Structures are given as structure tokens and as C-alpha cells.
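Residue-level structure breakdown
Each chain, written out:
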Amino acid sequence: MAVRRPRRGSAVPPAPAARCSPRPCALPVWRAAGGAGRAAFVLLLLVAAASRAGVSAAGGPEVQSLRGSWRLGNGNGSVVLRGEVPGCVHTALHRAGLIQDPYYRFNDVMYRWISLDNWTYSRTFKTPFDFRKWQKVNLVFEGVDTVAQILINNVTLGRTDNMFNRYSFDITSVIKEVNFIEVRFLSAISYAAEQNRCHKGYSIPPACPPPVQKGECHANFIRKEQCSFSWDWGPSFPTQGIWKDVRIEAYNNYHLIYFSLISFFVKSTQKWRLEIEAIFDVVSSKPIVGFVIVNIPELQTQQTFNVTLQPGEGSIVLLVNINKSFAVEAWWPNGHGKQTGYNMTTTFIMEAGYQIEKFSKAYFRTVELVQEPIHGSPGLSFYFRINGRPIFIKGSNWIPADSFQDRVTYDTLRLLLKSAADANMNALRVWGGGVYEQDEFYDICDEIGIMIWQDFMFACALYPTDQNYLESVGAEVTHQVRRLKSHPSIILWSGNNENEAAIASNWFSIPYADRGVYIKDYVMLYVKNIREIVLAEDKSRPFVASSPTNGLESVKEGWVSQNPYDTHYGDTHFYDYSIDCWNWAAYPKTRFASEYGFQSWPSFSTIKKVSSTEDWSYTSNFSLHRQHHENGNDQMLQQIEYHFKLPQSTDPIRKFKDMIYLTQVMQAQCVKTETEFYRFSQSEIIKGEGHTMGALYWQLNDIWQAPSWASLEYGGKWKLLHYFAQNFFAPLLPVAYEDKGVLYIYGVSDLHVDHKLTLRVVVYTWSSLEPVCILSKGGVTVKAQSAVPIYKESISDFLERCQNCTRKSCVVTFGLMGEDGLQSPTNHHFLSSLKDAVGLKKTQLSASVSQQDDIYIFDLHTTAIAPFVSLDVGSIKGRFSENGFLMTEKKKVVMFYPWEPTSIEELEESLTLTSLVDIV
């Protein structure tokens, strides 16, 4: 039986974590006349208020951005430079030429001094408007990282201690024509250590990350990106800086703070309804009356509401009934339909003399997390229904795209997210040890159909629950839910990453007598605070307290279940590096696999940018330093040796490149085997287990250039795993596995209708490009959105039928074909380890390159069967149409889609062709 382990198998999970808070005083809700009461039946949904806010007519608010160049200095004044805002100290120092690339070689440790110092951002600015004409002037920070004192004109406005909060300071009485602003930061490392020292009574583990991570301690005592103190795939760079927008806002009478849209489908009337919420700060001493016009032209829907805004901060809720005579197109995940959104204008016309116009997209989709009894199985289901349709969740886990958030541009996000969609993914889990992503991230997901499982930012740790901490978390959660709930892509809120499992499995060796204290803290933080706020702020989507969790069973057991990895409930995380990853029987037949994976090294071209010649060895100090997972490099070797021969080249650089290639082949084949197991388990119950309805492998992207579980390297280059994902997540896929000497092939389909198809099985000997036998089976019914067995034969009969075949001498390929060009990828099944394969020949692989419009065509030729053919064009940015494939024909055409301008000459010069038989 495979061992289920905490975070990727490490005995001591990395240090992350934070604090928590009860809900701040609930805002009064000003109901608008003209909207009926809220629908009794509320299915779930959504809307993205992409939102540009336009203000028209005289008297509208003044906004002055404070983005741009600030003065930046360290604690004793010995280092002074210009620092861009938004930005952070590390990137400012690098831009000024005062430090090297922080990712170069061992700089993560060499530059530790930066995070231990206390830095100050300051600048002078002129107020471009007559501040005396305004009732209120605010200084607004969308994000401060993290612990800082804010001063303007030598007056302390307040302090910040939460990277994920929005801070607004009233500067009406202190603003002048010329102003001096300072943001005095305190080292996050020092602050976290001090908070830990101040926490009396009992410890809050873990104190420090494992030494292999070269990280900082007590990350759980600061509301900051937890992995910035290090993780098992990333460096320690506890940044300081103004990481999001900062501005001055001046207004009279009233000001719009938040604007959100959520859609619901009302079953009783069979109509869609929008719930619009607008939160205002009203500075008038008297109520302000007016009206709101909501207009969705494409749906011929327009409604007018009379509203009254009361003094203070509060919200108005508008319920908009969509014209039933128009067929509303719902928002669908990638692969299941369109991502239709409707342009909507919301105009606030108040007696105060100016109006506000909000331009947004209205999306319509429902989401349900279904946890119901399953016939023939103990426990409950765990799957998502979108717009009433069960959807198999296919995708990965998202981590921060950089240690320095100011380097994460729109183009960075689009490239990574588009790569996910191009690999047939329909979902990503935004993991709880990183950050709540920027607005553009969710906008892109809305646009391309990537569903988001959104963790709150708590991971692999226990957290304090003192009042200050809870209040800070309360403000954080309220802000983030209000900011993000309009996005249809977000289908789930999840309280934390692995913290239920940490208590249940006693990761931190807590004496049994003390366990109750930590369970009480857990419930206080995630249930009585975070969950309560989420339920009050957003009734359109489900909430789970943790991942992994047993869902409703965990709730029944007091929110901390005895075994959160139980395959009969909820979701599971699974890591075991000692198993033979080709053995599907080692994997849990779970309801939902939300984390699993294997490591590999990134391409040599990626590593080369941050290393020097002496580093280019699998056992170099650099290679050991870059590996943050205990025994990670050895575990990869062990997994490779199950099925492949290790490289023996006497050329050290050639040997290093061969090792990198083999780690990527191993990773791709391992995750393929595991993912295909989860996909073919979706429609069956075996010994009470099955009905698997989700596969999110760990992890999609990288934070720097290092060995990790990612399928996309830092910079976006596709590893072989990502090319494999394009196939193993294909909407139509045949999957083969062996059980007790019998070969089974399943037809797996995400398509919405049944298809009658032809299964074509082609068997080759390793020594010949000519097939030894071909089986064509017509009239195979592959059912809609299911996995069904379509072929079964004993291996002995199979080999006998394909004359002269043995397990070691032959390989099986197979695919599904239908009418109208419907076709699956060609899959393969190895009958033995490739290190034992008989007949494999050294091949002559060659390629010629041509161009057609913006696409480059690689015509490949081989003289023999070539397993795991890899095309690599070094640092030229782009991706191939396929890669890492089994080449069983003399010729093959592969496309290259460039992400930046290139040429045939550049591609030919950079191209490296490798197959398994080249590794010696």
C-alpha cells in the first residue's frame, strides 16, 4: 500500500503561515427600491466586474497616482537609490546595478542581508488640486509588503502588517500643497521572530523550514506570502516594498469603494438574476438620494432603481432580473463551451451633482460542489457541477510566478495561463502559500475558461488566533472576497493548504494532551472567522475549510477529520517517490486528486542563465543548493533507474544535459500514468473506491530556475510533462493499463455526446518501423463524459497474435478515430521497462525547418523507432505542437509557435534533437 505523505513527501513540511480574524463590523445594507427580495433558490454564480470606473459631470472625485520613482534607503543610510513603485527593494537594487540577478547561483543566500535590513521609501509630491474644496482626502495603498509605518508631512497615519490588505488613511487634515510621504519598513524576518517571541503560553509550529530550504523562520506569524520565507521548490526572498498601486483620492458627498456582480439562476422562475453590490463611503452628513440605471444592451435588459445612501460606509444591493425572452449564453470552462460575457453599464446618478459609470462584464454560470452518497460505495462524492453539468476537473496547481511580484507582468500571466489552456486544462488551484493573484490573472481565466480553486493564504502550518491577528485576517478576507467574487472563473473558496492534515497526521509532534488547543485555534480561524466572512460576502459559490479535506465528513467530525486523506471523501494529496511510478495500483482511487506529482530539472538553457560552467553537473554544489526538497535529486535518480539506464558519458556537460533530459522523461511518464489512472477511474467503483472527478497535478509553474514539480519552467518554456499533459488531458483519450496479466483499454471522454468510434491498435517491434500487427475495432461506443472499457485481452494471447512479439521486443500504440475528423491523440503502452527493451537501434534523427506565415514547420526524419523524441531550441521563446513523443514512422511534421520573432536560421542553429537511444 502506498504511503500517503504530507507535502510532497517531506517529513517536515516547510514553514509557512499566518494569522486570522473575526469579521469586522458588518456594513449596513441599503436595499434599493425596485428590486424584488433575493431568490430563495440560489444556485451559484458569478460575474466579473472587470471595471473601469468612469466619472462624469462636475464635482467628481480627484485621483492622483503616486506610482513612479521614489527615494529608497536602508536603515543606516549607507545605501540610497531610486526605487520604482509598485516595486520592491530587491528589484530596485538590481535595476540600479548594486546587486546581480538575485536568482544567479547562490545569491538567494548571499543577499539575505537585504531582507534583514529596514528600508524606507519616501518622496515629495505636489497636490494637483485645491484640497480645501474636498470633504475627504484619502491616501490609499492597494498593497504594502508588509510591516510598515506610514507618514505624511511627519505625521504618522498608521501602520501596516498584512501584505494582502488594502489600506486607506484619512489625510484630509494633514495634506498640503507640497507633501512629503514616507513608508518606513521593518524587516519581515525580524517582525516574524518578534511576534513569535511575544506569543506566550504555547508554541505555534513549525518554527523553521527544513535546512535544505535555506529559509527563514516563523513565516506563520506574519501575513505575508508564505513561500517568500522559502519552500521546497523556491528561494527565500522576504521582500519589502509597495507592491501594488498607491494613490490620493479626494471626494465630496460619496465615493464608490467596491463594485461587484454575482449571477444566480432562479429555478422557480427559470430566469437569471444579477446581484449587484456597491459599497460606498458617504461623507455627507445627510442621506443622499438618487437612482441607478443598469443596462445590458445585448440582453435588452435595463432596470432603474431608486436608492438612498446613508452617511458612513455601507452597501446597496440591486437585484436585476434578466429579460426572459432572450436566451442567455452561460459561461463555460475551457473545452465545454464558450466564455460568453455581456457588456454592462451601471450608472449612479445622485442628487449631489455628479454621476459614476461602471463598465463591466456580466457572466452567467452556476457552480455546485456535489457531496452525495454513491451507490456501492461508502462515503460521499466530491465533484463540481457547472451550469448543471458534472465536469471532470483537469489541471494543475498555481504558485507565484516570481519571488518579486513587480516582475510579474500581464504578458507573464497570459503566457502561463494560455499554456494551461493549450494543454487542455480547465482548472487551476491557486495555492495557499503564495498570493491572491492580481486582477489581470482572474480576467484572463474568465476569458479563456480556466476555473479557479482559490485557497486563502495559509499553508502547511498552524497559526496564531490572538485578536489582532484575527482582525487583520478578517479585513484581508473581506477585501479579497469583495475584490474577486465577480469572477466566474473562481468556483471554490478553500480555507488553507494542508493544515487540517497537519493536525490530523500530527506533522509537528504535538502531545496528544495539547491537541485540543490547536483544534480550537483551527476552528476559530478557518470556520468561525474566514468561513463566516465568506458566507456573508458571497453566497454564490461553495467553501471548504482545507485541502485535502473530507468535506462534509470533516465538518461532521468537528472540522478536523481523523484521516483527511480518506479516498471515500473529499480531495486528496498524494506523494510517494519510492514507488515505481509506472505502477498504477500504487495510486489512491480517490474522489478528487488535488495534488500529486514528481520532480524534474528545467532545461539546460533555463539553468544556464543563472549558473556558471563549474555548476553544470548533477552533483555540483549549485545542483545541491538549488534542490530544496530533501533527497530530491536522489529520488529522481531512483525513479529513473526503475525504467531507464543512467547516462555514462565522460563529457561532464553532455552527462548533465542527458540527466536533465531523463528527469523530464521520467516526470512526464510518471504524471501521465497517474493522471490517466484518475481519468479512467471516473465512472467506476472498485472495492468501494472510485468516481474520481478531478486531477490537479503539482505544479504548473516555477518561481525560479530550479528542480521542481512544475511542467512550465521559469520564463514559460514547456517541459516534456506539459506536452504530455496536452495529450493526457485531451477531451477524447484511450488509456491502457494491465491488471493480472490482462491488457485493458478504456475510452475516456469529456465530450457532451456519445460517439461511435474505431479503436486502432498498432504493435511495433523496437527494431522496425514496420508494424508487426494492427487491430482495428469499429463500432466502439465511447459514452459522453465518462470512462468505459472498450478493449480487453490477456497479454499472452495478445503477444501470440502479434507473431514474434515478447514483452521486451514490442511496444503498443493505439488511438480512437471517428467521423468528421474526430480523433484522439495516439497513446502508447510499454510492455517492459525501456532499459530492458530488446532491438532498440541507434537512430539518425534529422530535421529541416521551413516557415508558413508566423508558424515554423519541422520536418523530422528517423531511421529507426525513437522513444521520447525531444526538440529543443534553447532560449528561443515558443512551443512545439508536440514533443517527447514515440516516433514510429520515418517522417513526422511538428509545428513551432514562436512567442517572439525568430528565423529559420536561428531555429536551425539552436535545435537539439534527442531521443532515448542517444543517452549513453
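Residues numbered from 1 in each chain as written. Predicted model: local features only at pLDDT ≥ 70, side-chain atom pairs only at ≥ 80, totals over all residues. Heavy atoms only, no water.

Taken together, four strands build an open sheet; the order of strands is 3-14-7-10 and the sheet is antiparallel. Since the sheet does not close on itself, it has two edges, and those belong to strand 3 (62-65) and strand 10 (167-170), each with one partner. For this sheet the average axis-to-axis angle between neighbouring strands, irrespective of direction, equals 20 degrees. (Pairing = 2+ DSSP bridges. Helix = DSSP H or I, 4+ residues; strand = E, 2+ residues; numbered from the N terminus. Axes fitted to C-alpha atoms, helices over the stretch in contact; angles between N-to-C directions.)

This part is about the packing of aromatic side chains. Considering all chains together, one arrives at 69 aromatic pairs under this definition. For the pair Trp 431 and Trp 698, a centre-to-centre distance of 5.6 Å together with 75 degrees between the ring planes defines the contact as edge-to-face. Taken as a pair, Trp 431 in the loop between strand 28 (427-430) and helix 6 (439-448) and Trp 698 in the loop between strand 36 (694-697) and helix 15 (720-728) lie far apart in primary sequence, 267 residues in all. Where Trp 584 meets Phe 680, the ring centres are 6.4 Å apart and the plane angle is 70 degrees; that geometry is what we call edge-to-face. Placement of Trp 584 in the loop between strand 32 (572-574) and strand 33 (593-596) and of Phe 680 in helix 14 (residues 652-680) is noted, with a sequence separation of 96 residues between them. Assigned by exposure class, Trp 584 and Phe 680 land together as buried. Residue placement shows Arg 166 over the ring face of Tyr 258; its charged tip is 5.8 Å from the ring centre. The ring of Trp 243 carries the charged tip of Lys 244 above its face, separated from the ring centre by 4.8 Å. (Phe/Tyr/Trp six-rings, centres within 6.5 Å; stacked < 30°, edge-to-face > 60°. Buried < 20%, exposed > 50% of the residue type's maximum accessible area, 1.4 Å probe, protein only. Lys NZ or Arg CZ within 6 Å of the ring centre and 35° of its normal.)

Here the focus is the state of the cysteines. Applying the stated rule across the entire model yields four disulfides. Two residues share a disulfide in this structure: Cys 773 and Cys 802, whose sulfurs sit 1.7 Å from each other. Every disulfide takes its handedness from the sign of the S-S torsion; for Cys 773 and Cys 802 that torsion is 50 degrees, giving right-handed. Of this pair, Cys 773 sits in strand 40 (residues 771-782) while Cys 802 is found in the loop between helix 16 (795-801) and strand 42 (810-817), placing the two residues 29 residues apart along the sequence. Across the pair, exposure class does not vary: Cys 773 and Cys 802 are buried alike. (Disulfide = S-S within 2.5 Å.)

Following the criterion strictly, the structure yields five cavities of 30 Å³ or more and no others. As a volume, the largest cavity reaches approximately 80 Å³. Every residue along the wall of the largest cavity is listed here: Ile 204, Ala 461, Leu 462, Tyr 463, Asn 499, Tyr 518, Asp 521, Tyr 522, Leu 525 and Tyr 526. Its residues placed into classes, the lining of the largest cavity shows eight nonpolar, one polar and one charged. (1 Å grid on protein atoms, 1.4 Å probe; cavity = no way out; pocket = protein on both sides within 12 Å on 5 of 7 lines; lining within 4 Å. Points joined across faces, edges and corners; volume = space filled by probe spheres on them. Nonpolar A, V, L, I, M, F, W, Y, C, P; charged D, E, K, R; others polar.)

Right, let's get into the pairing of strand 36. Residues Gly 694 and Leu 696 point to one face of strand 36 and Ala 695 and Tyr 697 to the other, with burial holding for every one of them. Taken together, the four bridges between strand 27 (residues 393-398) and strand 36 define a ladder with parallel strand orientation. Residue pairing in the sheet places Ser 396 in a bridge with Tyr 697 of strand 36.

This next bit is on the sheet that holds strand 44 (residues 846-852). Spatially, 44-45-49-47 is the arrangement adopted by the four strands of the open sheet, whose pairing is antiparallel. Sheet topology places strand 44 and strand 47 (878-880) at the edges, where each strand pairs with a single neighbour. Sheet twist, expressed as the average angle between the axes of neighbouring strands with direction ignored, equals 25 degrees. Bridging between strand 44 and strand 45 (residues 855-861) involves seven bridges; their strand directions are antiparallel. The partner of Ala 847 across the bridge, within strand 45, is Leu 860.

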